[in-house]
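The chain contents come next:
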Amino acid sequence: MTLHPQPLTPIPAETARVARAAFPKGNLYLRMRDELGVFFNDADFAQLYPQCGHFAEPPWRMALISVMQFIEGYSDRQAADAVRSRIDWKYALSLELTDSGFNYSVLSEFRDRLLEGTAEQQLLDRMLEKFQAKGLLKARGTQRSDSTQVLSVAREMTRLEFLGETLRHALNTLAEVAPSWLQSQVPVEWYDRYSRRFEDSRLPKSPERRTQQAAQIGADGFYMLDCIYADATPSSWRTLSAVETLRQVWLQQYYAPGETIQLREAKDSAPGALRIRSPYDVEARRSAKYSRSWTGYKVHLSESCDDDLPRLITNVETTEATEQDQLATPKIHASMMQKGLLPQQHIVDQGYMSTRLIQTSQDEYGVDLFGPVSTGSGWQAQAGQGFDLSHFKIDWKRQVAKCPQGKCSRDWKVGQDNYGNSVIHVGFRERDCAKCPVRSQCTRAKTAPRELTVKLPQAYRVLQEARARQEIDEFKQQYALRAGVEGTVSQAVRGFEIRQCRYVGLAKTHLQHILSAAAINVVRAVNWLEGVPLAKARQSRFAKLAPVRAV
């Protein structure tokens, strides 16, 4: 399909007359079109289309339909039906009342074009530009971020189910690509073993028999890989996604084949960030937070929270489930800088904070990364008793630390911590610590002297300033603003199903999240224009009965 960008089609007169008669009190899509326009232009997506071929549906219309589809929670087929049948949709899309629409598969093709051309971010960015032009969003204000888990579309499986399904998936793929070759390679008993989906209810119950079946599946998988990697086998078959998944899973799950086939023990397993969890969604990872565990991804939502302006989602980051929130902080700031929407203050929880990030956010982006920092990892800081690092005086010029009893350190060595950050290792004299009258408040070591791990001077000062700032009342009052983003996450989960993948893979899931964020923004912007007040935090009926405490 080829594209010929054209000026935006005006709303047909008959469509406008009928729509206003049908919705005399207004409508979400009528107000959106009248006040905000259509957000997109054909030129925004021109690079996604070839120069020859039959005419394509206008991409500005496909982009807007995709957003409206997520507002309604429609499937592709339902969205295509809405374009044909709903007057308010025809009004928003500048269509004649008699327009017959298009086949629903066009929406899937448009999403594929966005992903192939890495243009999915434009769906949100063009919308944010419109909001800025309308005065609904500003740079250098206040923004806040939070994350939530995202469940993979692939079902959860036990280890034995996972192994069987991985091999079965490879066999089904090869049966489509090379049916005659596969038929000549596999034993007859495999048809009974791998023709049906592996379900735990039909698998052995005793640990011994499950171990035997895992060994049998492992031997069959190694045999299949030997056949595929034989010299006479076409090399192109080895690049099949299902075959490569089989190879990686067998490396991760089994020891090298010998006299017996054995599953790997936990200590020899691949790291969680690399371990495949499903042959049908190879990018999904398993992670845990507090008492929750899930297989899938993680999404980070950032929103504006300035007074007298609507709360609009400004950035979306979709990551692997095992990726720490700290790694998302620089991505968020870099993305906001590209949009021209860097905040003056970015309010986050402790998961997004570190001394290095506080420094780089200010130095590279001019952003005040605002949130609580760790009070310290030592038992003294955790218990609030004894002498933690804050009780020691650091003389940076002399490279000496002085303890609360006035004793000076002996060692001062620059090294690295477990995360690769440069730190200073400080050690005291054994004779000083051995006879110290307050030793029990300083160290729990029976004989070894006290040791400190200190950040480099600038990082140390930044950390101490952050710890001091979070103790004052003004910090607590300002940080309370961060709680509002949890309401946004709740709306995204309950109203737009952002926690459940609609598609397979990280890229498609990210596109889903961008469309969900754009849909939320449309609803919020229209509500703001119509004067709908922001919802207040709910309080249970029982909590309302609590007596007011005297100050």
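The structure under discussion appears in the preceding block.
Remember, it's a predicted structure, so these values are computed and weren't measured experimentally.

Undergrad: Talk me through the packing of helix H11 (residues 207-228) against helix H12 (residues 241-253); I want residue IDs and the actual numbers.
TA: The geometry of H11 relative to H12 is characterised by a closest axis approach of 11 Å and an angle of 130° between their N-to-C directions. It follows that H11 is oblique to H12 by the angle criterion. Handedness of the crossing formed by H11 with H12: left-handed. The segment H11 lies against H12, with Ile217, Gly218, Gly221, Phe222, Leu225 and Ile228 engaging Val243, Leu246, Arg247 and Trp250. When grouped by side-chain class, the residues that make up the contact of H11 with H12 number 7 nonpolar, 2 polar and 1 charged.

Undergrad: Which residues make up the pattern of salt bridges, and what values go with them?
TA: In this structure the tally under the stated criterion is 26 salt bridges. Across the pair Glu156 and Arg286 runs a salt bridge whose closest N-O atoms are separated by 3.2 Å. One end of the pair, Glu156, is in the loop between strand S1 (142-151) and helix H8 (159-177); the other, Arg286, is in strand S2 (residues 285-289), and 130 residues separate them in sequence. Taking the relative accessible area as the measure of exposure, Glu156 reaches 49% and is therefore partly exposed. You can call Arg286 partly exposed: its relative accessible area is 30%. In this structure, Asp220 engages Arg193 in a salt bridge whose closest nitrogen and oxygen atoms are separated by 2.6 Å. Of this pair, Asp220 sits in helix H11 while Arg193 is found in helix H10 (residues 190-194), placing the two residues 27 residues apart along the sequence. Relative accessible area serves as the criterion here: at 6%, Asp220 is assigned to the buried category. By relative accessible area, Arg193 is classed as partly exposed at 26%.

Undergrad: Give me the lowdown on the state of the cysteines, citing residues and values where you can.
TA: When the sulfur atoms of two cysteines share a covalent bond, that bond is a disulfide. Across all of its chains, the model carries 0 disulfides by this definition. For Cys436, which is in no disulfide, the shortest distance to another cysteine sulfur is to Cys403 and amounts to 6.1 Å.

Undergrad: Quick one: what's the story with the sheet that holds strand S9 (residues 411-416), residue by residue and with numbers?
TA: Taking strand neighbours across the sheet as the criterion, the 3 strands line up as S9-S10-S11 in an open arrangement whose pairing is antiparallel. At either margin of the open sheet sits one strand with a lone partner, and together these are S9 and strand S11 (451-455). Across the sheet, the mean angle separating the axes of adjacent strands is 30° when strand polarity is ignored. Both strand S10 (residues 422-427) and S11 contribute to a ladder of 5 bridges, which runs antiparallel. In the sheet register, Gly427 faces S11, and the bridge partner there is Glu451.

Calculation criteria
Starting from 1, residues in each chain are numbered consecutively following that chain's sequence as written. Residues qualify for local features only when their pLDDT is at least 70, as the model is predicted, and side-chain atom pairs are given and counted only at 80 or more; totals for whole chains, interfaces and linings, by contrast, use all residues. With hydrogens and water stripped out, all remaining heavy atoms of the structure feed into the side-chain values. Axis lines are fitted to C-alpha atoms, over the contacting stretch for helices. Their N-to-C directions set the angle, which ranges from 0 to 180 degrees. For helices the rule is a DSSP run of H or I covering at least 4 residues; for strands it is a run of E covering at least 2, with both sets numbered from the N terminus onward. The cut-offs work like this: below 35 degrees is roughly parallel, past 145 is roughly antiparallel, 65 to 115 is roughly perpendicular, and the gaps in between are oblique. Left-handed describes a crossing whose near helix is turned anticlockwise from the far helix through less than a right angle; right-handed describes the clockwise counterpart. Throughout, a residue-residue contact means that at least one pair of heavy atoms, one from each residue, lies within 4.5 Å. All residues other than Ala, Val, Leu, Ile, Met, Phe, Trp, Tyr, Cys, Pro, Asp, Glu, Lys and Arg, Gly among them, are scored as polar; the first ten of these are nonpolar and the last four charged. The term salt bridge refers to a pairing of a side-chain nitrogen on Lys or Arg with a carboxyl oxygen on Asp or Glu at a separation within 4 Å. Using a 1.4 Å probe on the protein chains alone, a residue whose accessible area is under 20% of its type maximum counts as buried, one over 50% counts as exposed, and one in between counts as partly exposed. The disulfide criterion used throughout: a pair of cysteine sulfur atoms within 2.5 Å. Here, any two strands with at least 2 DSSP bridges between them count as paired.

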